[in-house]
Amino acid sequence: MQYNTLESIDALRAAAAAEFQAIVGDADAENFRVKYLGKKGVLREIMKTLGNVSPEERKTLGAAANALREEIESRFNDAREQSKGDGGGDPGFDPALPGFPFPSGSLHPLAQIRNHIVEILASMGFSIAYGPEVESDYNNFEALNMPPLHPARDMQDTFYINEKAVLRTHTSPVQIRVMKEQKPPIRAIMPGRVYRNEEVSARSYCMFYQVEGLFVDKNVSFADLKGTLLAFSRRFFDENTKIKIRPSFFPFTEPSVEVDVECFLCKGKGCGICKHSGWLEILGAGMVHPSVLKSGGIDPEIYSGFAFGMGVERIALLKYGIDDIRLFYENDVRFLKQF
Ligand code: DAH
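Predicted model, so just to flag it, every value in this text is computed and none were measured.

Okay, the overall build of the protein next. A count of helical and extended segments in the protein gives 12 helices and nine strands. Relative to a compact globule of 339 residues, whose C-alpha radius of gyration would be 20 Å, the protein shows 35 Å and is clearly more extended. For the C-alpha atoms alone, the extent of the protein along its principal axes is close to 100 × 50 × 40 Å. Taking all 339 residues of the protein together, the buried fraction comes to 43%. Contacts in the protein between residues far apart in sequence, at least 24 positions, make up 65% of those at least 6 positions apart. Carbon together with sulfur atoms contributes 53% to the accessible area of the protein, which is approximately 18600 Å² in total. The protein carries 40 positive and 45 negative side-chain charges, and their two centres are separated by 2 Å.

Shown next, in the form of structure tokens:
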């Protein structure tokens, strides 16, 4: 091997480094020393091969070779010094030293809340279904009893992709997909991300997560809805939690309700989080409207059902006492580390 370019000297450095790493005992160390640092070692021989280069090149190459020899020598001697302390075996490797800890990630708080919601409902017999985030206007609105120009469309400011497609404004259109694919009895939950064309503020964001629920069978009644939501709330919040059901309006359910849970911070006494009412609103629900069952290909004369939809951010804000929804989307590690 001729070492008459700077690249070849770099290659020698790499080879020496690899051999140095591989040293495991005194015999290896001695071989290494003879090969690289001995009187007839590679690094002395280099100077001989330099005879046939120009004087300037000789100067730079000579300097590079000397620097490399000094580098190897000092690393070798350091390692030898260190290994003296541990009986002279391995130069410089102590397997008992603690490793370098590296930071581990964790689930996003929204993912944790969603997983918890899904786990509880799945254990109650609900299967999990998904739909696309780009949804047809038909599934997002019309099939849910909101024909074009229906005023209820104004409840949800919409991002339109084109005349026929939208970024879904809620997970309710997945109900239609599930009803078209499955036959009753249907018990499904549909978690996912939804979008609304809203001004971003501490209270609202242009996207968020919902978990939708749907139960369709013969003789499903409002009592089933109440029982399911009470059981869910008691497992999610507190085993003695009370729920309150208030009349409301959604075009896709009749009757429609909103459900409050007893404030889990003050246990109903009234505090800052529940605005001194003792109650927190957590979801919308109702009995599936007959024309929605029809859109899903299900005969409302034979079957009935209930549905509900809850906002994951809202529950996370309440649960952790956070006052700004934007924090969930900034991915500031100082915020995320707290969960
Ligand atoms: N889709 C409604 C919303 O985003 C929430 C909702 C209300 C879902 C009632 C339902 C329901 O399934 O029955 O505001």
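Before going further, it helps to spend a moment on the packing of aromatic side chains. Any two aromatic rings considered together are summarised by their centre-to-centre distance and by the angle between their planes. Counted under the stated rule, the structure contains 14 aromatic pairs. For the pair F32 and Y36, a centre-to-centre distance of 4.8 Å together with 40° between the ring planes defines the contact as tilted. Here the residue F32 and the residue Y36 both occupy positions in helix α2 (residues 26-37), the gap between them amounting to four residues, near one helical turn. Accessibility classification places F32 together with Y36 in one group, the buried group. Ring geometry for F215 against F306: centres 5.3 Å apart, planes inclined by 75°, an arrangement best described as edge-to-face. Residue F215 is found in strand β5 (residues 207-217), and its partner F306 is found in strand β9 (residues 304-311); the two are separated by 91 residues along the sequence. Under the relative-accessibility criterion, F306 is labelled buried at 0%. A cation over an aromatic ring shows up here: K319 above the ring of F236, its NZ or CZ 5.2 Å from the ring centre.

Below, the discussion takes up the side chain of S256. Here S256 is to be found in strand β7 (residues 253-262). On the accessibility criterion, S256 (5% relative accessible area) is buried.

For R196, the location among the structural elements is in the loop between β4 (186-195) and β5. Although R196 is buried, it makes no salt bridge; E198 carries the closest opposite charge, 4.6 Å away. Not counting residues within four places of it along the chain, the set of residues in contact with R196 comprises M155, Q156, D157, F159, T169, H170, Y205, C206, F208 and Q210.

Before going further, it helps to examine the domain arrangement of the protein. By the assigned domains, the protein splits into domain 1 (6-85) and domain 2 (109-336). Centre-to-centre, using C-alpha coordinates, domain 1 lies 70 Å away from domain 2.

This paragraph deals with the site of the ligand. For the ligand, the set of nearby residues contains 16 residues, the closest of which are H170, S172, R196, Q210 and E212. For the ligand, an oxygen atom lies 3.1 Å from a polar atom in the side chain of Q175. Within the side chain of E212, a nitrogen or oxygen atom sits 2.6 Å from an oxygen atom of the ligand. If the ligand stood free it would expose 350 Å²; the protein chains cover 92% of that surface. Elements supplying a minimum of two residues to the shell around the ligand: β5, β8 (279-288) and β9.

I117, L121, F308, M310 and F328 are the most contacted members of the largest nonpolar core, which has 50 residues in total. Setting aside anything within four residues of it in sequence, one finds L121 in contact with F126, I189, V211, F232, F308 and M310. Residues A129, L144, V174 and V216 belong to the second largest nonpolar core, which totals 22 residues.

An ideal rise of 1.5 Å per residue puts 21 Å on 15 residues; helix α8 (residues 222-236) measures up with 21 Å between its terminal C-alpha atoms. Within α8, burial applies to L225, T228, L229, F232, S233 and F236. Angularly, the buried residues of α8 cover 125° about the axis, an arc narrow enough to put them on a single face. Those residues of α8 that are buried are in contact with α5 (109-123), β6 (243-250), β7, β8, β9 and α10 (312-320).

If you walk across this open sheet you meet the seven strands as β1-β4-β5-β9-β8-β7-β6, and the pairing is mixed. Every other strand in the sheet has two partners, leaving β1 (127-128) and β6 as the edge strands with one partner each. Direction of pairing for β4 relative to β5: antiparallel, over a ladder of 10 bridges. Its bridge partner being in β5, I186 is matched across the sheet by V216. Contacting β1, β4, β5 and β9, α5 runs over the sheet at an angle of about 165° to β4. Packing of α10 onto the sheet brings it into contact with β5, β8 and β9, and relative to β9 it is tilted by some 55°.

Each value, and the rule that gives it
Residues numbered from 1 in each chain as written. Predicted model: local features only at pLDDT ≥ 70, side-chain atom pairs only at ≥ 80, totals over all residues. Heavy atoms only, no water. Helix = DSSP H or I, 4+ residues; strand = E, 2+ residues; numbered from the N terminus. Rg over C-alpha atoms; globule rule 2.2 N^0.38 Å. Buried < 20%, exposed > 50% of the residue type's maximum accessible area, 1.4 Å probe, protein only. Contact = heavy atoms within 4.5 Å. Areas by Shrake-Rupley, 256 points an atom, 1.4 Å probe, with all protein chains shown as cover. Lys, Arg positive; Asp, Glu negative; His and termini not counted. Charge placed at Lys NZ, Arg CZ, Asp CG, Glu CD. Phe/Tyr/Trp six-rings, centres within 6.5 Å; stacked < 30°, edge-to-face > 60°. Lys NZ or Arg CZ within 6 Å of the ring centre and 35° of its normal. Salt bridge = Lys/Arg side-chain N within 4 Å of Asp/Glu carboxyl O. Domains from an automatic or database assignment. Near = heavy atom within 4 Å. Polar contact = N/O pair within 3.5 Å; in protein donor to acceptor, adjacent residues only side chain to side chain. Core = buried A, V, L, I, M, F, W, Y, C linked by side-chain atoms within 4.5 Å. Expected span 1.5 Å × (residues − 1). Arc of directions from axis to C-beta. Pairing = 2+ DSSP bridges. Axes fitted to C-alpha atoms, helices over the stretch in contact; angles between N-to-C directions.

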